[in-house]
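Now for the letters of each chain:
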Amino acid sequence: MTEALVAKAPETVRLALKGLEVSVPGEDGMRRAVLGIDLEVRERTILGLVGESGSGKSLTVRAIAGILDPGVEVTGGEIEFEGDDLRRLTNAERRSLSGGKIGIVFQDSMAGLNPVQRIGAQIEESLLLHTDLGKRQRRERVVELLRRVGVPAPESRAKAYPHEFSGGMRQRALIAVAIAASPELLIADEATTALDTTVQAQVVALIRDLVDDDGLSAIFVTHDLALVAECADDVAVMYAGRIVERGPCDQVFTSPKHPYTRALMGANPGLGGADRKRLPAIAGSVPSDVEHVVGCVFASRCPMVEDRCLHEAPALREVASNQWAACHYAEEGGFPGASQA
Amino acid sequence: MPAKLEVTDLRKTFRVHEGGRRRGLQALAGVDLSIAAGTTLGVVGESGCGKSTLARTIMFLEQADSGKITLDGVDLLSLSNRDRKSRSRRIQMVFQDPYSSLNSRLRIRDIMMEPFSANPDIEPDPAARTKIVADLMEKVSLPQHVLDWYPSQLSGGQRQRVGIARALVLEPEVLVCDEAVSALDVSVQAQVLNLLRDLQDEMNLSVLFISHDVSVVEFMAQDITVMYLGRVVETAHAKEVVRAPLHPYTHGLLEASPGRHALNNEKRPRVELRGDPPSPLDPPSGCPFRTRCPRAQDLCAEIPPPLAPIEGVPLRQVACHFPLEVS
């Protein structure tokens, strides 16, 4: 009885975005590149944030981590992390959070590490900033962290320089830096994109272990829907600065409600497309001005487009249990007229 | 079916300096492959397996140390430079990076005309050249006015279409694509893959399609060759390789291909291959794969397994002392 109650306890939301807007400097003033998105990351889960280039997925996670480029600003909405709105924090509070409770790993492992500093020292720096450990304890923790992320012979490898590591090992070292201060949220921004698929699988499995065993939550940012289908609990699909569909992975992949999600799945040879004679490609490209779109943002490329889509923007709404989609015809699975047929 | 392009025991060693010592990096340690006319052979493998060196050697961008590159039965490596040039232009290449492979200071028209300037004897009539270029633009679905543009005005997908059109100017019979869609977004990648398949059908091209992405190769190719540390470890019809790989490395590579275990209960990719491939500067004794192989035995450290045909299965070859079962 009690067990059933515990199992059914509501899952805690670790991070919630409410109407997040990010603006980038343009030719005539700021223009919005992330246009009011809502998103939740649950405790001990991986959220796959998927989109093509220009979708705003990287801006979104950089806004969460507080590391937007100079000139790029959060211009609206809330970033709620464990109940606090991160936008209300002072700069100093914000800094201690980034790299402390929120760790982030990027694609380019060579740029993420200092080439003239030993790997161990770079991990230790994170411990120095975010923990009260003494020198000896820090050294021990560095070795422990390298072992945790699967670097063989961690005692001696801690003394190596980044160029002495392979790409996969550097990415592991970066994860060690990111989790050094025992964060609650780990963001991997295309962190495995440049790696071989064999090494990618190893790194993704490591992130899954960190989530399952150490209780982290993770946001896995990628352009590859096939990878998300393999490792994430929830998925959010971004297009032109908006979330067009989100929900539990199993549900979204077996029954996508937005034509863009369906098209992305079809275009991916890894998701059962390889047998086909032709891949169902998505015609055209993302609109260059994502801010001033009349009607549905995907209308210009949507194979299902109807007159209504050109005039009226569809709202992101819950169309099935926990599954949200922004298509006028989402209730019909993104096929206009499907319910009458 | 007769082979259009055949590569036999192709070898290439680079001289490198490491720690003050000169050493040999064996990028191609005797590669054999064959492409039937009008078909696509996919080459897969991790970075450092020699697949790009293979492409560059076939294109004569690198000089092979030894071996044969046979086009329609004629070994190009045995020809004089002049004879080779007139034959080897029947092999053309599409490069990976649509940003750096087009000269940013030239208009698309001039980029498309370049192959003619390099081969002035091919089509001396300027009007005919203009016609060929215009037709190719149509073939790759680019509007004619793009000819007046510079590469910077084009999207990544459009640039790769230009790269493909340029490779077709001299009417090649063999097209070498080295990671030709890797830099593109999924939706654009699908467009370019479809285009390549259409062009192949229309022009009866033989294609060598190199990629690290097994699922892309599976979509494109009839046959697949798997490379590891400069060697071929398995060759077979694509469907057979994917359905029942024989080499443990092929199996591991397939397992790691994203999407093969979509929506699994553990929510984690299967990890069969651990670590990275060993350095080609210091390859293991015996079988190059033995240091990562779950099936390795003592024999594997002693004797390198030869690439041998599998009885009763046409085309199929595997280099392993203890291959997986043929099912």
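Residues numbered from 1 in each chain as written. Chains lettered and ligands numbered in written order. Predicted model: local features only at pLDDT ≥ 70, side-chain atom pairs only at ≥ 80, totals over all residues.

Draft legend 1. The overall build of chain A, seen in detail. On a plain count of helices and strands, chain A comes out with 13 helices and twelve strands. Rg of the C-alpha trace for chain A: 21 Å, near the compact-globule value of 20 Å for 341 residues, within the 12% margin. Taken along its principal axes, the extent of the C-alpha atoms in chain A is 70 × 50 × 50 Å. Considering only contacts within chain A whose residues lie at least 6 apart along the sequence, 63% involve residues at least 24 apart. (Helix = DSSP H or I, 4+ residues; strand = E, 2+ residues; numbered from the N terminus. Rg over C-alpha atoms; globule rule 2.2 N^0.38 Å. Contact = placed C-beta atoms within 7 Å.)

Draft legend 2. The interface of chain A and chain B, seen in detail. Listed per partner, the contact involves 39 residues of chain A and 33 residues of chain B. When residues of the side of chain A that touches chain B are traced back to their parent elements, those giving at least two are α9 (197-214), α10 (225-231), α11 (249-254), α12 (259-267) and α13 (269-273) of chain A. Per element, the largest residue contribution to the side of chain A that touches chain B is eight residues, and it comes from α9 of chain A. Here the residues of the side of chain A that touches chain B sort into 20 nonpolar, eleven polar and eight charged. (Nonpolar A, V, L, I, M, F, W, Y, C, P; charged D, E, K, R; others polar.)

Draft legend 3. Local environment of the sheet that holds strand β8 (residues 217-222) of chain A. Residue and element names in this part refer to chain A. Reading across from one edge, β6-β7-β8-β3-β9-β10-β12-β11 is the order of the eight strands in this open sheet, with mixed pairing throughout. Each edge of the open sheet carries a strand with a single partner, namely β6 (102-105) and β11 (317-320). Direction aside, neighbouring strands of the sheet carry axes that sit 20 degrees apart on average. Both strand β7 (residues 185-189) and β8 contribute to a ladder of five bridges, which runs parallel. Across the sheet, the residue bridging to L185 is S217, located in β8. Along the sheet, helix α2 (residues 57-65) makes contact with β3 (46-50), β6, β7, β8 and β9 (234-239), crossing β7 at roughly 150 degrees. (Pairing = 2+ DSSP bridges. Axes fitted to C-alpha atoms, helices over the stretch in contact; angles between N-to-C directions.)

Draft legend 4. Expanded view of unusual backbone geometry. Of note, the phi angle at E190 of chain A is positive, near 50 degrees, even though the residue is not glycine. If you trace the backbone, E190 of chain A turns up in the loop between β7 and α9. Within the chain, K267 of chain B stands out as a residue other than glycine whose phi angle is a positive 55 degrees. Within the secondary structure layout, K267 of chain B lies in the loop between α9 (248-255) and α10 (298-302).

Draft legend 5. Region of interest: the packing of helix α5 (residues 119-130) of chain A against helix α8 (residues 167-179) of chain A. All names here are of chain A. Running from N to C, α5 and α8 point in directions that differ by 20 degrees, and their axes come no closer than 8 Å. Classified by the interaxial angle, the pair formed by α5 and α8 is roughly parallel. Two packed elements cross with a definite hand, and for α5 against α8 that hand is right-handed. Within the contact between the two elements, α5 uses I119, Q122, I123 and S126 and α8 uses A173, A176 and V177. When grouped by side-chain class, the residues that make up the contact of α5 with α8 number five nonpolar, two polar and no charged. (Parallel < 35°, antiparallel > 145°, perpendicular 65-115°, else oblique. Left-handed = near helix turned anticlockwise from the far one by under 90°.)

Draft legend 6. Broad picture of the sheet that holds strand β4 (residues 73-81) of chain A. Residue and element names in this part refer to chain A. Reading across from one edge, β2-β1-β4-β5 is the order of the four strands in this open sheet, with antiparallel pairing throughout. Strands with a single pairing partner mark the edges of an open sheet, and in this sheet they are β2 (29-42) and β5 (84-85). Here strand β1 (residues 13-26) pairs with β4 via seven bridges, running antiparallel. Its bridge partner being in β4, L17 is matched across the sheet by I79.

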